[in-house]
Amino acid sequence: MSEVKLAAEARTEFGKGAARRIRRDSKVPAVVYGHGGDPIHVTLPGHELLLALRTPNVLLSLELEGKTQLAIPKAVQRDAIKGYLEHVDLLLVRSGEKVNVEVYVQTEGDLAPGAYLLEHVLSTLTVEAEATHIPESVTVSIEGLEAGASILAKDIPLPEGTTLAIDEDAVVLQVLAAQAEEAPAEGEGDQAAEV
């Protein structure tokens, strides 16, 4: 897991106008909370934060007023049209602390020959992991699976030190038989043309 260092600045202005001014300066307003303390309102460098958030569950090392604190992203708000960051909520973590996060489920291998479809019932899996060792994703093999087969949460291999935080019998992936579209019965197409 990668750790990205960001310089944070304390924020004293609040509201829409202040947030717009912050974004105009290529920065992002953020709130850091956790460990029972009061929320800390900060401003983060926009471009560096955007690059950091490309990594799922990135660990951020925030340098604020001479102190360094670790945090993970909890909620990210983006502009729906332009895609720029509008606001970020960060959760404070400590080394060795366990946190619940969602990790992407990736597949490897090919289904059995035939007309089968793989349905991702869950695209992410909620796991508990140490804050400084959060996996980016988990990978499961679908090699040779046929219609009717399903992969449960307990069937997915997890990295050492990571445990499931959801029902172990939850269906994550299932294989379905592809349904072909029925051809119109003979003569049906001709009648429609005559009308």
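Residues numbered from 1 in each chain as written. Predicted model: local features only at pLDDT ≥ 70, side-chain atom pairs only at ≥ 80, totals over all residues. Heavy atoms only, no water.

(A) Spotlight on the sheet that holds strand β5 (residues 59-64). With mixed pairing, the 7 strands of this open sheet are ordered in space as β1-β5-β6-β7-β3-β4-β2. With one partner strand each, in any of the chains shown, β1 (3-7) and β2 (9-10) form the two edges of the open sheet. Two strands pair when backbone bridges link them, and β5 and strand β6 (residues 67-78) are joined in this way by 5 bridges, in the antiparallel orientation. Within β6, the position partnered with Leu64 by the bridge is Lys67. Set on the sheet, helix α1 (residues 16-24) makes contact with β3 (27-33), β4 (40-45) and β7 (85-93); between it and β3 the angle comes to about 120°. (Pairing = 2+ DSSP bridges. Helix = DSSP H or I, 4+ residues; strand = E, 2+ residues; numbered from the N terminus. Contact = heavy atoms within 4.5 Å. Axes fitted to C-alpha atoms, helices over the stretch in contact; angles between N-to-C directions.)

(B) Spatial organisation of the nonpolar core. In this structure, Ile72, Leu125 and Ile156 are the most contacted members of the largest nonpolar core, which totals 21 residues. Sorting the residues of this core by element identifies β6, β7, β8 (98-108), β10 (124-130), β11 (137-141) and β14 (171-177) as the ones contributing at least two each. Counting residues per element, this core draws most heavily on β8, which supplies 4 residues. Excluding its chain neighbours within four sequence positions, the residues that come into contact with Ile72 are Val58, Leu59, Asp89, Leu90, Leu91, Val93, Val99, Val101 and Ile134. Core analysis: the second largest hydrophobic core is formed by 19 residues, Ala8, Val32, Val58 and Leu60 among them. (Core = buried A, V, L, I, M, F, W, Y, C linked by side-chain atoms within 4.5 Å. Buried < 20%, exposed > 50% of the residue type's maximum accessible area, 1.4 Å probe, protein only.)

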